[in-house]
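Structural features, examined
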Amino acid sequence: MDRQNLEPSQMDGKLTYRHDSIGRIAVLPARCKLGRHALGHFQFRAVVHHGAAHISCLVCIADNVDHSWRLAAGATAPDRAELSEERYLELVLSRGRRALASAGDHGA
């Protein structure tokens, strides 16, 4: 099974935060859910509603694949956000491992 074609998950993990002298900052994934694209200033959309953060890769949307991170968030969205390569790396890697395991199951 190609990892691009995985079904969308209900929730990928939890949105992480950090604090500074001004307040709470949401830390968003710096890579798309498939790990193919760096999410720069114009390559993603982030929306928090109903206790979940949805971070969509605008390039993956055009490819018609599972393009949106779904991360459990607090009730109120922070005023600021930043991107992090490291914070969500394990989620990207575990998604790839699940895809490879599923492909092996189908090939047997």
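Up top is the structure.
Residues numbered from 1 in each chain as written. Predicted model: local features only at pLDDT ≥ 70, side-chain atom pairs only at ≥ 80, totals over all residues. Heavy atoms only, no water.

**A few points about the sheet that holds strand E7 (residues 80–84)**
The 3 strands are arranged E2-E3-E7 in an open sheet whose pairing can be described as mixed. What marks the edges here is a single partner per strand, and that holds for strand E2 (16–19) and E7. Across this sheet, the average inter-strand angle for adjacent strands is 40 degrees, counted without regard to direction. The pairing of E2 with strand E3 (residues 24–29) spans 4 bridges and is classified as antiparallel. Across the sheet, residue Arg 18 finds its bridge partner in E3, namely Ile 25. (Pairing = 2+ DSSP bridges. Helix = DSSP H or I, 4+ residues; strand = E, 2+ residues; numbered from the N terminus. Axes fitted to C-alpha atoms, helices over the stretch in contact; angles between N-to-C directions.)

**Description of the pairing of strand E4 (residues 44–49)**
For E4 and strand E5 (residues 52–57), the ladder comprises 6 bridges, and the chain directions are antiparallel. Each residue of the ladder has a partner; that of Val 47, found in E5, is His 54. Where E4 folds back on E5, the antiparallel hairpin that results is connected by 2 residues, among which His 50 adopts a positive phi of roughly 50 degrees.

**Section: the side chain of Arg 70**
Along the polypeptide, Arg 70 turns up in strand E6 (residues 68–72). Look at Arg 70 and you get buried, because its relative accessible area is 14%. Of the polar contacts made by the side chain of Arg 70, one reaches the backbone oxygen of Ser 68; its length is 2.6 Å. (Buried < 20%, exposed > 50% of the residue type's maximum accessible area, 1.4 Å probe, protein only. Polar contact = N/O pair within 3.5 Å; in protein donor to acceptor, adjacent residues only side chain to side chain.)

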